[in-house]
Amino acid sequence: MTIRFPDPDPAILARRDAILAGLAPLVAPEALVVSEDERRAFETDGLTAYRQMPLAVVLPSTTAEVAAVMAYCHANNVRVVPRGAGTSLAGGAIAQADAIILGVGKMTKVLDLDFANRTARVQSGITNLAISGAVSHEGFFYAPDPSSQLACTIAGNIAMNSGGAHCLKYGVTTNNLLGVTLVLNDGTVVEIGGQHLDSGGYDLLGLVCGSEGQLGIVTEATVRILRAAEGARPVLVGFSKVEDAGDCVAAIIAAGIIPVAIEYMDREAILITEDFAQAGYPRDAEAMLIIEVEGSDAECDAMLARIETIAKDFRPTSVRVSRSEAESAAIWKGRKSAFGATGRISDYICMDGTIPTGQLGPVLERIGAICAGKGLRVANVFHAGDGNLHPLILFDINTPGELQKAEAAGDEILKLCVEVGGCLTGEHGVGIEKRDLMRFQYDQVDLEQQMRVKAVFDPDWMLNPAKVFPLDGRLAA
């Protein structure tokens with residue numbers, strides 16, 4: 001299987017010099033990237049198996065500059081691919097030969113902090129972790145925490161409705177987003193939502209969050225900030241069977257306990273990560289859970305005791321409660337570095353499907369069988385509390401046919417997620433990776449209704465046009 005890109009428009013390619021001349025006055029000289037060597041840094045994203053050289057890269061610094069660029073591109077029929085930090089694992093920010101990349105990486109300012117109303121207004125190029133850094137001195141934090149939070153931008157988080165390890169308690173981006181400044185396809189600037197809890201009229205904010213840059217360019221965001229808890233402690237629980245770990249997760253949730261996070265790692269992931277982070281993970285376990293609770297010392301003790309009692313029914317091989325901040329930091333360092341640690345030893349594809357938590361045990365068994373049947377290894381690292389799976393399918397890009405086998409295994413896994421009542425994506429988005437699987441989850445009537453919404457904002461499909469929907473059968477306004 002090879003993911004297809006649409007053929008570039010030869011008329012646009014022929015007019016490249018004129019298009020660059022028209023873009024030049026709209027941004028600072030260093031914000032227009034035109035040379036082949038410099039553009040190459042933007043030809044791919046986190047889905048590195050695929051790449052396309054963009055027509056040019058534009059890096060505005062303000063909403064007004066974004067609006068001017070979008071108005072120019074609209075008037076000259078130039079396609080636009082929005083980009084945050086390029087950490088998308090589904091190919092959501094990969095360029096097209098006849099499109100410019102519009103990156104928000106220079107838009108990193110904190111515009112307003114309102115601790116009384118627990119909000120922060122920021123430019124959309126700020127990194128996820130920098131928002132917490134800007135409010136931590138007052139005891140606040142921004143809750144969604146993707147593994148790439150050191151690098152990923154809030155723009156990309158909004159585009160993909162990203163989550164993270166702590167989404168079980170605090171929700172994903174849509175649950176922490178209050179408003180955006182959105183530049184439409186023709187350069188019109190609109191304000192959606194704001195500092196208030198809810199807006200009148202249609203929920204356009206919910207429509208924008210998760211739209212993968214297909215409806216407009218988010219240049220500013222108002223997000224919810226939360227008071228940090230008094231304390232937090234994780235516990236590591238090892239199991240001799242994958243199914244026992246999955247069933248334990250379901251039992252904890254069914255008991256009405258909502259930890260801050262429940263993270264799952266299988267034996268492959270444990271060994272890879274422990275070799276790198278040396279976090280004290282149980283090397284003899286077939287599966288491991290990181291379960292974190294928060295509150296006062298007494299609250300943490302009581303909740304951890306309940307969790308240990310539940311876990312005993314699933315024959316744990318080890319239980320280790322963190323006793324210090326340093327120990328907790330080491331435990332989370334291991335989980336946060338899992339993807340990078342895997343990249344040290346192998347090429348891999350990181351899948352992203354979501355299933356009902358009651359299906360974790362049998363689905364994990366099927367994932368192992370799917371990959372083994374194709375002669376591939378798989379390391380499972382994911383947010384078990386909300387059933388958001390992240391199997392890492394390991395392969396060797398230098399071995400002919402291995403990438404195709406890995407992609408085929410990934411397709412089978414995503415179809416399995418849908419079959420058991422889940423969906424194709426939890427937080428990585430559809431991008432190009434799952435574009436041709438959309439018909440497996442949605443019938444043509446559903447897809448056409450979604451495409452009609454897209455066409456209201458972007459009737460000529462000029463914004464991130466090769467993503468999300470199958471290339472054939474697309475609808476215009």
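All residue numbers here refer to positions counted from 1 along the written sequence of the relevant chain. In keeping with the model being predicted, local features are shown solely for residues with a pLDDT of at least 70 and side-chain atom pairs are shown and tallied solely at 80 or more, while totals for entire chains, interfaces and linings include all residues. Only heavy atoms go into the side-chain values, all of them from the structure, while hydrogens and water stay out.

In the nomenclature of an unreviewed UniProt entry, the protein chain is known as Glycolate oxidase of Methylobacterium fujisawaense. UniProt positions are given in the numbering used here, feature names are shortened, and annotations may be inferred rather than shown by experiment. Here the protein chain is described in UniProt, under the heading Cofactor (unreviewed entry), as follows: "FAD".

Peer 1: Can you help me understand unusual backbone geometry in this one?
Peer 2: Glycine aside, residues mostly have negative phi angles, and peptide bonds mostly take the trans form. Here Asn 161, not a glycine, exhibits a phi torsion of approximately 50°, which is positive. In this model, Arg 315 sits at a positive phi of 55°, which is unusual for a non-glycine residue. Note that Arg 315 resides in the loop between α11 (297-312) and β15 (316-321). The numbering of helices and of strands both runs from the N terminus, where a helix is a DSSP run of H or I of at least 4 residues and a strand a run of E of at least 2.

Peer 1: Looking at this model, I keep getting lost on the UniProt feature "domain: FAD-binding PCMH-type" (unreviewed entry) in the protein chain. Mind explaining?
Peer 2: Those places that UniProt annotates as "domain: FAD-binding PCMH-type" (unreviewed entry) correspond, in this numbering, to residues 50-228. With 21% helix and 26% strand, residues 50-228 has end C-alpha atoms that lie 40 Å from one another.

Peer 1: Hey, could you run me through helix α4 (residues 63-75) in this one?
Peer 2: An α-helical turn contains 3.6 residues, so a residue and the one three or four places further along point in the same direction. For a helix, the expected span equals 1.5 Å multiplied by the number of residues minus one. Between its first and last C-alpha, α4 extends 18 Å over 13 residues, near the 18 Å set by a 1.5 Å rise per residue. For α4, the set of buried residues is Thr 63, Val 66, Ala 67, Val 69, Met 70, Tyr 72 and Cys 73. Summary of the burial criterion: residues with accessible area below 20% of their type's maximum are buried, those above 50% are exposed, and those between are partly exposed, where the area comes from a 1.4 Å probe applied to protein chains only.

Peer 1: When you look at the sheet that holds strand β4 (residues 99-103) in this model, what are you seeing that I'm missing?
Peer 2: Adjacent strands of a sheet form backbone hydrogen bonds with each other and so pair up, either parallel or antiparallel. At least two DSSP bridges between two strands are required for those strands to pair. Judged by pairing direction, the sheet is mixed, and its four strands sit side by side in the order β1-β2-β4-β3 without closing on themselves. The two strands at the open ends of the sheet, each matched to only one other strand, are β1 (32-33) and β3 (79-83). Pairing between strand β2 (residues 56-58) and β4: three bridges, direction parallel. Of the residues in β4, the one forming a bridge with Ala 56 is Ile 100. The strands touched by α4 are β2, β3 and β4; relative to β4, the strand with the most contacts, the crossing angle is about 170°. Residues are treated as being in contact if the distance between any of their heavy atoms lies within 4.5 Å. Helix axes are fitted only over the stretch in contact, all axes being lines through C-alpha atoms; the angle between N-to-C directions runs from 0 to 180 degrees.

Peer 1: Help me understand the pattern of salt bridges, please; the structure alone is not making it clear to me.
Peer 2: Where charged atoms from two side chains of opposite charge approach closely, those side chains can pair. We define a salt bridge as a side-chain nitrogen of Lys or Arg found within 4 Å of a carboxyl oxygen belonging to Asp or Glu. A complete count under the given rule lists 22 salt bridges for this structure. Of the charged contacts in the structure, one is a salt bridge between Glu 43 and Arg 51, with a shortest N-O distance of 3.1 Å. Given the relative accessible area of 9%, Glu 43 is considered buried. According to the relative accessible area criterion, Arg 51 is partly exposed, its value standing at 41%. In this structure, Arg 439 engages Asp 472 in a salt bridge whose closest nitrogen and oxygen atoms are separated by 3.2 Å. With Arg 439 in helix α16 (residues 438-441) and Asp 472 in the segment after α17 (444-457), the pair connects residues that are 33 residues apart, well separated along the chain. Here the salt bridges share partners, and the residues they tie into one network are Glu 36, Arg 40, Glu 43 and Arg 51.

Peer 1: Looking at this model, I keep getting lost on the environment of Glu 448. Mind explaining?
Peer 2: Tracing the backbone shows Glu 448 in helix α17. You can call Glu 448 partly exposed: its relative accessible area is 24%. Glu 448 sits 180 residues away from Glu 268 along the chain, and the two C-alpha atoms are 41 Å apart.

Peer 1: How should the environment of Leu 376 be read in this particular structure?
Peer 2: Along the chain, Leu 376 falls in the loop between α14 (360-373) and β18 (377-383). You can call Leu 376 buried: its relative accessible area is 8%. Taking C-alpha positions, Leu 376 is 7.4 Å from Ala 406, a pair spaced 30 residues apart along the chain. Not counting residues within four places of it along the chain, the set of residues in contact with Leu 376 comprises Cys 371, Ile 393, Leu 394, Phe 395, Glu 402, Lys 405, Ala 406 and Ala 409.

Peer 1: Would you mind going over the side chain of Gln 96 with me for this structure?
Peer 2: Relative to the assigned elements, Gln 96 resides in the loop between β3 and β4. Given a relative accessible area of 4%, Gln 96 falls into the buried group. The contacts of Gln 96, once residues within four sequence positions are left out, are Pro 6, Gln 52, Met 53, Pro 54, Leu 55, Arg 79, Val 81, Pro 465 and Ala 466.

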